[in-house]
Amino acid sequence: MSESTELTFENVTKFYGPVIGVNDVSLRVGPGITGLLGSNGAGKSTLMKLASGRLKPSLGEVRVGPHAARSSAAKRLLGYCPDVNAFYEEMTGREFVETMTRLYGYSLAEARRRTQTALERTGMADRAERRLKGCSHGMRQRIKLAQAIAHDPRVLLLDEPLTGIDPGGRREINELLRALAADGLTVLVSSHLLAEVEQLCDRLVVVVNGRILAEGTLGELRNLLNDEPLTIRLESPQARLAAALVVALPDTTHVTVRNDSVILRTRNAPAFFAELGRLVAAHQLEVRRLETLDSGAEAVFGYLQRSAT
Amino acid sequence: MRTARAFLTLWLLSFRRLFWSIGTPMLLLPIVACIMFLVRRNYGASDDPVQAFHAFSMFLLTVFASFLVPLCALAFGTAGLGGDREDRTLLFLFIRPLPRGLILLAKYFAALPLVLGFTVGSLWIFCKLAGAPGRAAFDAYLPATLYMSVAYTSLFHLFAALVRHSTVAALIYAVFMEVLLGNVPGIVKRVAVNYYGRSLMYDAGVEHGLNAPDAQWFDPYPPADARTALWAIAIGALVAAWLVFRTREYEEPT
């Protein structure tokens, strides 16, 4: 495993004239895959641009390892896959990655070797001779990813990296990112496809209105929301009895019975689960399946966002 | 060593992209039109070499210096940096460890040989086609051509660093400042780069038969001062572009 490098935001504020892009953000992103979640205009692209040194913070400091993000030393440690669908269109995928790699100062032979490795890792080695203007969106995304990893960065920033990639390709890219993270790489992924972030990321950072609203694992974030309403599905051959019992609980707000399923909503999940255990034992209720329907990243993000506004 | 290699890579990339850009064939059109005019006009066939030199010089002053030199500088001077800005590919350069100042210089030094190649090359072709008056004209007007080419290239790089759609801005500048204001009587024309270049050309051409201009219409700047002014424009604009490019954030809020 290689040496790890952290990405650090220290009290970072960014103004665009009178508009505030991010507001007093402090964040440490360490090895592993971290997801940056936020709706459009929340500030996640600004955070990405600050991290890649394209923007200078109005206040505070952004560092890649010990180096200021705008320094050349930081940029050697950093790989960036932008969301912008722009290229030197006349080039082939291989030429583009090789040229971008040579801009790190590698010799031609070394750049070619690194380009080949990056293209193989992103599954583009056999299609890299196509001109970029003729490439599909998914192929262009892979080329962008290849140019970001060719120089073996220690911190990888990915802005909407899975957009336009088919499900099989997503699996491959996810596996590649997990392999990079397993090697000690710090990976920060910004995405609006929450289901993908949920599958991919070890940790999540939720950005709302230019502020970090919450950060942690999905479980940790869910625990922050114990007071939030939760939708639960309970499967039992005694569904009507189960519905009658749970509807009497004080925090239950809604119950629907459909065949063997009871779908209910509670205002207090921990109290509900405690009560349900007691009811199951008392009435010898057979419960075949019990699941929460909205504890995924989408729901967590929705709850957090609602609570912030 | 790594920085030098990265600089050379960017220089080569920029040079290649500029050379194969739409600007190259577009520039060939006015040059070919001038060639056709010169072949038809055939200055070398004149019985009066002094008069032939004057007539050919007037062609160079009005068409070459006032129109073609700024056009060559505009085509390559703005496209190097401006093309990356308009195509949004500049970010791929900004995330590389090459300092921003060197990115600008790589773009500048990629454009400069192309601008010089087109201006000096077309001057050479025009002079060859002009026959005897052309031989004297090439030596006389080459320094002014070089000065103007460098000054315009710097100026249009400043445009590219300042304005997103720099080609449009530079075209407006070229038409209003260089063509209109550069040709009005009085001292207003001093705002135009080609005034200083044409002053040098008048100074160099007089001894070969170019008639001194009517002072009311065009009062040439002293040659030493004109050279200084062109140097000052070239270096000043490049330094200003460098400072702007180093510090400016080329991003829009999202």
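Rules behind the numbers
- Residues numbered from 1 in each chain as written.
- Chains lettered and ligands numbered in written order.
- Predicted model: local features only at pLDDT ≥ 70, side-chain atom pairs only at ≥ 80, totals over all residues.
- Heavy atoms only, no water.
- Helix = DSSP H or I, 4+ residues; strand = E, 2+ residues; numbered from the N terminus.
- Rg over C-alpha atoms; globule rule 2.2 N^0.38 Å.
- Buried < 20%, exposed > 50% of the residue type's maximum accessible area, 1.4 Å probe, protein only.
- Contact = heavy atoms within 4.5 Å.
- Lys, Arg positive; Asp, Glu negative; His and termini not counted.
- Charge placed at Lys NZ, Arg CZ, Asp CG, Glu CD.
- Buried area = accessible area lost by both parts, 1.4 Å probe.
- Salt bridge = Lys/Arg side-chain N within 4 Å of Asp/Glu carboxyl O.
- Polar contact = N/O pair within 3.5 Å; in protein donor to acceptor, adjacent residues only side chain to side chain.
- Axes fitted to C-alpha atoms, helices over the stretch in contact; angles between N-to-C directions.
- Parallel < 35°, antiparallel > 145°, perpendicular 65-115°, else oblique.
- Left-handed = near helix turned anticlockwise from the far one by under 90°.
- Nonpolar A, V, L, I, M, F, W, Y, C, P; charged D, E, K, R; others polar.
- Pairing = 2+ DSSP bridges.
- Expected span 1.5 Å × (residues − 1).
- Arc of directions from axis to C-beta.
- Phe/Tyr/Trp six-rings, centres within 6.5 Å; stacked < 30°, edge-to-face > 60°.
- Lys NZ or Arg CZ within 6 Å of the ring centre and 35° of its normal.

### What to know about the overall build of chain B
Of regular secondary structure, chain B possesses nine helices and zero strands. Start at the N end of chain B and walk to the C end: the helices and strands fall as α-α-α-α-α-α-α-α-α. The globule rule puts the C-alpha radius of gyration for 254 residues at 18 Å, and the 19 Å found for chain B is close to it. Dimensions of chain B along its principal axes, counting C-alpha atoms only, are 65 × 35 × 35 Å. Per-residue burial for chain B yields a buried fraction of 52% across its 254 residues. Taking contacts inside chain B between residues at least 6 apart in sequence as the whole, the part at least 24 apart equals 78%. Between the centroid of the 20 positive side chains of chain B and the centroid of its 15 negative side chains there is a distance of 11 Å.

### A closer look at the interface of chain A and chain B
Contacts between chain A and chain B engage 34 residues on the former and 29 residues on the latter. In this assembly, chain A packs against chain B so that about 3,100 Å² is buried in total across both faces, 56% of it on carbon and sulfur atoms. By the criterion of area lost to chain B, the three top residues of chain A are A:Arg54, A:Tyr88 and A:Leu103, representing 24% of everything that side buries. If you look at where chain A meets chain B, you find two salt bridges. A salt bridge links A:Glu90 to B:Arg17, with the shortest nitrogen-to-oxygen separation between them at 2.7 Å. At the junction of chain A with chain B, the criterion picks out nine residue pairs in polar contact (both at pLDDT 80 or more).

### Here's the deal with the packing of helix α5 (residues 100–130) of chain B against helix α9 (residues 223–247) of chain B
Helices that pack against each other are described as a pair by the angle of their axes relative to one another and the distance between those axes. All names here are of chain B. Where α5 contacts α9, the axes come no closer than 8 Å and their chain directions differ by 135 degrees. Between α5 and α9, the interaxial angle falls into the category oblique. Regarding α5 and α9, the two cross each other, and that crossing is right-handed. Here α5 contributes Arg-100, Gly-101, Ile-103, Leu-104, Leu-105 and Tyr-108 to the contact with α9, which in turn contributes Leu-238, Ala-241, Trp-242, Phe-245 and Arg-246. By residue class, the composition of the contact of α5 with α9 is eight nonpolar, one polar and two charged.

### Things to note about the sheet that holds strand β4 (residues 59–64) of chain A
Residue and element names in this part refer to chain A. Ordered by their spatial adjacency, four strands build an open sheet running β2-β1-β4-β5, and the pairing between neighbours is antiparallel. Where the open sheet ends on each side, the last strands, each with one partner, are β2 (19–29) and β5 (67–68). As paired strands, strand β1 (residues 7–16) and β2 are joined by seven bridges and run antiparallel to one another. Across the sheet, Val-12 pairs through a bridge with Val-25, a residue of β2. Of the strands in this sheet, β1, β2 and β4 are in contact with helix α1 (residues 44–51), which crosses β1 at around 115 degrees.

### Digging into unusual backbone geometry
Residue and element names in this part refer to chain A. For Asn-209, which is not glycine, the phi dihedral falls at a positive 50 degrees. Tracing the backbone shows Asn-209 in the loop between β9 (203–208) and β10 (211–216). Asn-209 sits in the exposed class, given a relative accessible area of 58%. Despite not being glycine, Gln-284 has its phi angle at roughly 45 degrees, a positive value. The residue Gln-284 is located in the loop between α10 (269–283) and β14 (289–292) in this model. Classification of Gln-284 as exposed rests on a relative accessible area of 69%.

### With respect to helix α1 (residues 2–19) of chain B
Over its 18 residues, α1(B) runs 26 Å from end to end, which matches the ideal 26 Å to within 8%, given 1.5 Å per residue. Looking at α1(B), one finds that the buried residues are B:Ala6, B:Phe7, B:Thr9, B:Leu10, B:Leu13, B:Ser14 and B:Leu18. End-on, the buried residues of α1(B) take up no more than an arc of 160 degrees, which puts them together on one face. Of the surrounding secondary structure, the elements contacted by the buried residues of α1(B) are α3 (93–102) of chain A together with α2 (23–41), α3 (49–87), α4 (90–94) and α5 of chain B.

### Things to note about the sheet that holds strand β12 (residues 252–258) of chain A
Sheets are built from strands paired through backbone hydrogen bonds, the pairs being either parallel or antiparallel. All names here are of chain A. Pairing is antiparallel in the open sheet, where four strands are placed in the order β12-β13-β11-β14. Both outer strands of the open sheet, β12 and β14, are each paired with one neighbouring strand and no more. Averaged over all pairs of adjacent strands, the angle between their axes in this sheet comes to 15 degrees, without regard to strand direction. With respect to the sheet, helix α9 (residues 239–247) is in contact with β11 (230–235), β12 and β13 (261–266), its orientation differing from that of β12 by roughly 175 degrees. On top of the sheet, α10 reaches β11, β13 and β14; it is set at about 20 degrees to β11, its chief contact.

### Quick look at the environment of B:Leu29
Residue and element names in this part refer to chain B. Relative to the elements of secondary structure, Leu-29 occurs in helix α2. Classification of Leu-29 as exposed rests on a relative accessible area of 56%. Considering only alpha carbons, one finds Leu-29 and Met-1, 28 residues apart in sequence, at a separation of 41 Å.

### Quick notes on the packing of aromatic side chains
All names here are of chain B. For the coordinates displayed, the defined rule picks out 29 aromatic pairs over all chains. Where Tyr-147 meets Trp-231, the ring centres are 5.7 Å apart and the plane angle is 90 degrees; that geometry is what we call edge-to-face. With a gap of 84 residues between them, Tyr-147 in helix α6 (residues 132–162) and Trp-231 in helix α9 connect regions that are remote in the sequence. Following the ring pairs from residue to residue traces out a cluster consisting of Phe-37, Tyr-43, Phe-56, Phe-59, Phe-64 and Phe-126. A cation sits over an aromatic face here: Arg-100 above Phe-94, 3.8 Å from the ring centre. In this arrangement the basic side chain of Arg-246 is found over the ring face of Trp-242, its NZ or CZ atom lying 4.9 Å from the centre.

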